[in-house]
Amino acid sequence: ALNASLKMPDGSHIYITSPEGLVDATSQQATLLGGARLESSTGYVVETDRITTSVTEARVIADSEIRATGPAGEITAGQMELTRPNSANGYLLVFKSGVRLVYQPEP
């Protein structure tokens, strides 16, 4: 099993778990395999086959189909990328390749 944790400047956090994984100390990357699960303190859960994280770039990439649930509803997409742009204080979450959002407003 492999676990990764990201703490955001605003105090929120992301935990990523998987049954197996690889860590490359040279490139400062970890690849979580075999059914990776990302959970955020903001209420989102993302499931995919593989997630790659980069410590030096504060980047999370899922390059296979993702299934996500959260406060806004359900999202499916072919890829997902979470980055911290150099000019921004926060993070940018981008879904790509056949994005589908089923919006479920709170009652």
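In this report, we go over the structure that sits alongside the text. (Residues numbered from 1 in each chain as written. Predicted model: local features only at pLDDT ≥ 70, side-chain atom pairs only at ≥ 80, totals over all residues. Heavy atoms only, no water.)

## Concerning the side chain of T83
With respect to the helices and strands, the residue T83 is situated in strand β9 (residues 79–83). Setting aside anything within four residues of it in sequence, one finds T83 in contact with A58, R59, Y91 and L92. (Helix = DSSP H or I, 4+ residues; strand = E, 2+ residues; numbered from the N terminus. Contact = heavy atoms within 4.5 Å.)

## Some points on the nonpolar core
Of all hydrophobic cores here, the largest spans 18 residues; its most connected members are I16, L38, I51, V60, I66 and M80. Those elements that place two or more of their residues in this core are β2 (13–18), β4 (29–40), β5 (45–54), β6 (59–62), β7 (66–70), β8 (73–77) and β9. At four residues, β4 tops the list of elements feeding residues into this core. Residues in contact with I66, not counting those within four places in the same chain, are V46, E47, T48, I75, T76, A77, M80 and F95. (Core = buried A, V, L, I, M, F, W, Y, C linked by side-chain atoms within 4.5 Å. Buried < 20%, exposed > 50% of the residue type's maximum accessible area, 1.4 Å probe, protein only.)

## Brief notes about the layout of surface pockets
If a probe the size of a water molecule is rolled over the atoms, the empty space left behind becomes visible. Here the largest pocket defines a volume of roughly 350 Å³. Taken together, 19 residues make up the lining of the largest pocket; nearest its centre are I14, S40, T42, L82 and L93. Listing elements by their share of the lining of the largest pocket, those giving two or more residues are β2, β4, β9 and β10 (92–96). When residues in the lining of the largest pocket are grouped by element, the largest group, three residues, is from β10. Classifying every residue of the lining of the largest pocket by side-chain character gives 13 nonpolar, five polar and one charged. Here the second largest pocket defines a volume of roughly 170 Å³. (1 Å grid on protein atoms, 1.4 Å probe; cavity = no way out; pocket = protein on both sides within 12 Å on 5 of 7 lines; lining within 4 Å. Points joined across faces, edges and corners; volume = space filled by probe spheres on them. Nonpolar A, V, L, I, M, F, W, Y, C, P; charged D, E, K, R; others polar.)

## Re the environment of E57
Note that E57 resides in the loop between β5 and β6. As a C-alpha pair, E57 and P85 span 28 residues in sequence and 9.3 Å in three-dimensional space.

Taken by themselves, the reported measurements are silent on function.
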